[in-house]
Amino acid sequence: MAVLAFVDTQEGKISKSSYEVVSYAAKVADKEGGEAVAITYGDVDNGDLEALGKYGAKKVLVNKSVTNMLPTKLAKLTAAAAEQEGADIIVFAQDFTGKSVAPILSAKLKAGLVSGAVDYPDTSDGFVVKKNVFSGKAFAMYKVNTEKKVISILPNSVGKEEVGGTAQVEEFSADLGDSRITVTNVEKANTDGGIPLTEADLVVSAGRGLKGPENWGMIEEFAKNLGAATACSRPVSDVGWRPHHEHVGQTGIAIRPNLYIAVGISGAIQHLAGVNGSKVIVVINTDPEAPFFKAADYGIVGDAFEVVPKLNKAIEAFQAEN
Amino acid sequence: MKILVGISKAPDTTTKIKFTNDNKEFDESGVQYIVNPYDEWYALVRGIEVKEAQGGSVTTITVGKEDVDPIIRKALAVGADDAVRIDSEPKDAYHVASQIANYAKENDYDMVLLGKETINYNGSQVGGMVAEIMDLPYISNASKMDLDGNKATIVRDIQGGKETLEVETPFVLSAAKGMAEQRIPNMRGIMAARSKKLEVVEPVDAEELTEVVSYALPPEKGDVKLVDPENVEELVELLHKEAKVI
C-alpha cells in the first residue's frame, strides 16, 4: 500500500506546505506499512522533485503538461495516481489548492475527508484524525469510515522532518478530460516584493490603534527588517486603510505563523479565530485590559508609536549581532 | 438566472465554545445561532444582486431539522425568494452535499452558490462535493463574479495570488470575502420573510463518510509575560532564546 502526497506547485516551485504534506505521508506510510509517493504537476525542476526524498517520498509522479490549478483536473490527476499506486490514503495541505481539490477527490472516490487535520491518524480504534473546528477555538476527532481516506493538514501544524534520501521521478499522465473553465489571467499577490501572508513564518499586524493609514510606515519598516509579512485587523481593511488581502480573522484569512506580533489590535474573538494557530503571539497595546493579552505569550503595555520604533532598533541591533 | 444558495446554521461568532456529554456533543446552552457568515454575506447577497440586476430567482437550501427554520427566515429576510429545507440532521459534509446535489439536479439551477466554509466545521468540503456529484465545474474561494448572459467571469483566490476565469452556467461556486457586502434586513424584509414559501423536502439516502467521535478544547494559554516598554531589548531576547522564533 502507498500513501499519496499531493505536492502543489506555483510557477514551477514547490509550495512550502508541500514538504509538510510529504513528511506527513511518509510517517503515515511507515506506520501503516507502505511507501510515500508524491503526485505533482507543473514545470518543476527534476532536482527539486528528487529532493522530496529528503522528507520521505520514495517516488514522485509528475505531470508537466498541467500548469494551472483547475481543481477538477487536479482531482482527476490525483485519482489516477492513487489508482496506479494502490494508495488508500491521500494527503493534501489545507490551503487554497487543497480546499478546492480534496473535496472533489473525496466525492469522486467516496473517500472520507478530514480537512484541517492537526495531528497524525490514531488507529487504536478505527481511523481517527484530530482537526481544527470552531475557527480554531476547539478540536474534533473525526473518524473516517471508508476504506479510502483523504486528509488535508493545516500548514505549520505537524511540521516536517528530514529523513534523508532521494526520490525516483517518473513522468505521469492521465486522461484529465476537457475543462469547462478557461483561465484568462493569473495575478500574483501584490506583496510589494514582501512575503505572502499565508507563507510567512513571521507576521507583524496592526489595527485601529494606529489611528490612520499614514502611520503604517513604521509597521512596514519593522516587518521588513524582521523579514515578516504585514497583516491587519478587520476594521482597518473595512475602512480601506489596508488592502483586504491583509485582513486576518474569522472572515478574512486564517494564518498559523511561528510569530504573530499584534500592534494596536484589541483582540476581538473574531480576530483571534484567524490567528490562534500562531506558535507565539506578542501583543503591543496601550490598554492593559485589551482582551488580546489573555491570548498572548508576550506583551508590552505601551504606546505603539513609541514601542514599535524602539523594537525596530532592537531588532536591527540583534540582527547585526547574529 | 435561477440561483440556489446553500445556507447553514452556525453559532454566533462571539460564542464561547463548550462541550457536553463527555465531550461528545457541542453544548448548545445559551448559544445564539446565525446564518453562517460566508453563506449569508457573500453567497446569498451576491445571488440577490444578480437577481436584482437581471431577473430570476434565489432559492435557499438548508439540510436540517425544524430548529434551523429561524435561520432560514433570516436568509429570506435578507432577500431570498423562497427556501427549501431537506428534513434531516446534517450528518457529514458528503451527506449534506448529496442532499443539495440531488435537489439541485432535479430542479435545474443556473448556479449553486455556497460560502467558502462554515465557521463551526471549517471544512470547505460541501461545495467541491456538490460540484463533483453533479458533474459541474467548481470555482472555489471566489471573490468576484460578473455575468454576461450565461457566461460568468470570476476571480478566485489561489495559492499565492488570484486567478481570473471564464465559465458558462451551470456551475458551483464557493464565495469568499469581496464577493458582496453584508446586507442588514429591514423591517419590510423581516415581515415579508414570514410569508415566503419554506418547502420541507424528504432527504434521499446518502452515505456518511466520516463522523465526529469527540471534541476537545485547546490547552489554556499560560499567563502573558509582560515586558517593560522601556526595555524592548528583553522582548527580542525572549523571542530568540526562550520562544526560539527569531
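Because the structure is predicted, anything quoted here is derived from the model rather than measured.

K.L.:
Help me understand the overall build of chain A in this model?
P.N.:
For chain A, the count of helices and strands is eight helices and 17 strands. Taken against the 2.2 N^0.38 rule, which gives 20 Å for 322 residues, the C-alpha radius of gyration of chain A at 21 Å falls within 12% of a compact globule. Its C-alpha atoms give chain A principal-axis dimensions of about 60 × 45 × 45 Å.

K.L.:
When you look at the overall build of chain B in this model, what are you seeing that I'm missing?
P.N.:
Within chain B, the secondary structure is distributed over six helices and 15 strands. By its C-alpha atoms, chain B is 65 × 45 × 40 Å across when sized along the principal axes. A burial count over chain B gives 50% of its 246 residues as buried. The long-range fraction of contacts in chain B, counting pairs at least 24 apart against all pairs at least 6 apart in sequence, stands at 72%.

K.L.:
Hey, could you run me through the nonpolar core in this one?
P.N.:
Grouped burial of nonpolar side chains is what soluble globular proteins tend to show. Membership of the largest hydrophobic core comes to 138 residues, with the highest contact counts inside it found for L4(A), A5(A), V22(A), A25(A) and V91(A). Those residues in contact with A5(A) that sit more than four places away from it in its chain are V21(A), V22(A), A25(A), A36(A), A38(A), A57(A) and V91(A).

K.L.:
What exactly am I supposed to notice about the interface of chain A and chain B here?
P.N.:
A common way to express how large an interface is: the accessible area buried when the components associate. Across the boundary between the two partners, chain A contributes 76 residues, which contact 65 residues of chain B. Among the elements that take part in the side of chain A that touches chain B, helix α4 (residues 96-109) of chain A stands out by supplying nine residues, more than any other. Looking at the side of chain A that touches chain B residue by residue, the class counts come to 38 nonpolar, 24 polar and 14 charged.

K.L.:
I would appreciate a short explanation of the packing of α4(A) against helix α4 (residues 126-134) of chain B in the present structure.
P.N.:
Relative placement of two packed helices is described by the angle separating their axes and the distance separating the axes. Viewed as axis vectors pointing N to C, α4(A) and α4(B) meet at an angle of 45 degrees, and their least axial separation amounts to 7 Å. One element, α4(A), and the other, α4(B), form an angle in the oblique class. Two packed elements cross with a definite hand, and for α4(A) against α4(B) that hand is right-handed. Of the residues in α4(B), those touching α4(A) at S100(A), P103(A), I104(A), S106(A), A107(A) and K108(A) are G127(B), G128(B), M129(B), A131(B), E132(B) and I133(B). Split by residue class, the contact of α4(A) with α4(B) holds six nonpolar, four polar and two charged.

K.L.:
So what exactly am I meant to see when it comes to the sheet that holds strand β10 (residues 151-158) of chain B here?
P.N.:
Strands in a sheet are paired, the pairing made by backbone hydrogen bonds, and the direction either parallel or antiparallel. Pairing is mixed across the open sheet formed by 10 strands, whose spatial order is β12(A)-β11(B)-β10(B)-β9(B)-β12(B)-β8(B)-β1(B)-β6(B)-β7(B)-β13(B). Looking along the sheet, the strands with just one partner apiece sit at the ends: β12 (181-188) of chain A together with β13 (198-201) of chain B. The mean inter-strand angle of the sheet, taken between neighbouring strand axes irrespective of direction, is 30 degrees. By the bridge criterion, five bridges tie strand β1 (residues 2-6) of chain B to strand β6 (residues 57-63) of chain B in an arrangement that is parallel. Across the sheet, the residue bridging to V5(B) is T60(B), located in β6(B). Set on the sheet, helix α1 (residues 37-54) of chain B makes contact with β1, β6, β8 (111-115), β9 (138-148) and β12 (171-175) of chain B; between it and β8(B) the angle comes to about 150 degrees. Strands β6, β7 (82-86) and β13 of chain B of the sheet are contacted by helix α2 (residues 69-78) of chain B, whose axis makes an angle of about 155 degrees with β7(B).

K.L.:
What am I meant to see in unusual backbone geometry here?
P.N.:
The phi torsion of most residues other than glycine is negative, and most of the peptide bonds are trans. Residues and elements named next belong to chain B. Following T169, the chain continues into P170 via a peptide bond in cis, with omega recorded as 0 degrees. Structurally, P170 can be placed in the loop between β11 (161-168) and β12. Phi at N21 is positive, roughly 55 degrees, even though this residue is not glycine. By the element assignment, N21 lies in the loop between β3 (19-20) and β4 (25-26). Taking the C-beta count within 10 Å as the criterion, N21 has 10 such neighbours and is therefore assigned exposed. In this structure, S124 is a non-glycine residue whose phi angle is positive, near 55 degrees. In this structure, S124 sits in the loop between β8 and α4. For S124, a count of 28 C-beta atoms within 10 Å gives the class buried.

K.L.:
Is there a simple way to think about the confidence of the model for chain B in this case?
P.N.:
The predicted coordinates should not be examined in detail at positions where pLDDT is low. Taken as a whole, chain B shows an average pLDDT of 96; of its residues, 100% reach a score of 70 or greater. Two numbers describe this predicted complex: its pTM, 0.93, and its ipTM, 0.95.

K.L.:
Would you mind showing me how to read the sheet that holds strand β14 (residues 229-232) of chain A here?
P.N.:
Taken in spatial order, the six strands line up as β14(A)-β13(A)-β15(A)-β16(A)-β17(A)-β15(B) in an open sheet, and their pairing is parallel. One side of each edge strand has no neighbouring strand; the edge strands of this open sheet are β14 of chain A together with β15 (225-226) of chain B. Bridge count between strand β17 (residues 298-301) of chain A and β15(B): two bridges; the pairing is parallel. Looking at β15(B), one finds that Y298(A) is bridged to K225(B). Sitting on the sheet, helix α5 (residues 217-226) of chain A touches β13 (202-206), β14 and β15 (259-263) of chain A, and the angle it makes with β13(A) is about 170 degrees.

K.L.:
Can you walk me through helix α3 (residues 93-107) of chain B in this structure?
P.N.:
Because an α-helix packs 3.6 residues into every turn, residues spaced three or four apart end up facing the same way. The end-to-end C-alpha distance of α3(B) is 21 Å, a good match for the 21 Å that 15 residues give at a rise of 1.5 Å each. Within the span of α3(B), buried status applies to A93(B), Y94(B), H95(B), V96(B), A97(B), S98(B), Q99(B), I100(B), A101(B), Y103(B) and A104(B).

K.L.:
I'm lost on α2(B) in this one. Help?
P.N.:
Residues and elements named next belong to chain B. Judged by how many residues are buried, α2 sits mostly within the fold: seven of 10 residues are covered. By the burial criterion, the buried members of α2 are I71, I72, K74, A75, L76, A77 and V78. Looking at the residues trailing α2, positive phi occurs at G79, about 140 degrees.

K.L.:
I would appreciate a short explanation of the environment of P235(A) in the present structure.
P.N.:
Residue and element names in this part refer to chain A. Note that P235 resides in helix α6 (residues 234-238). The sequence separation of P235 and I265 amounts to 30 residues, and the corresponding C-alpha distance is 9.9 Å. When neighbours within four sequence positions are excluded, P235 is seen to be in contact with G207 and R208.

Parameters at a glance
Residues numbered from 1 in each chain as written. Chains lettered and ligands numbered in written order. Predicted model: local features only at pLDDT ≥ 70, side-chain atom pairs only at ≥ 80, totals over all residues. Helix = DSSP H or I, 4+ residues; strand = E, 2+ residues; numbered from the N terminus. Rg over C-alpha atoms; globule rule 2.2 N^0.38 Å. Buried ≥ 20, exposed ≤ 12 C-beta atoms within 10 Å, placed from the backbone. Contact = placed C-beta atoms within 7 Å. Core = buried A, V, L, I, M, F, W, Y, C linked by C-beta atoms within 7 Å. Nonpolar A, V, L, I, M, F, W, Y, C, P; charged D, E, K, R; others polar. Axes fitted to C-alpha atoms, helices over the stretch in contact; angles between N-to-C directions. Parallel < 35°, antiparallel > 145°, perpendicular 65-115°, else oblique. Left-handed = near helix turned anticlockwise from the far one by under 90°. Pairing = 2+ DSSP bridges. pLDDT = per-residue confidence, 0-100. Expected span 1.5 Å × (residues − 1).

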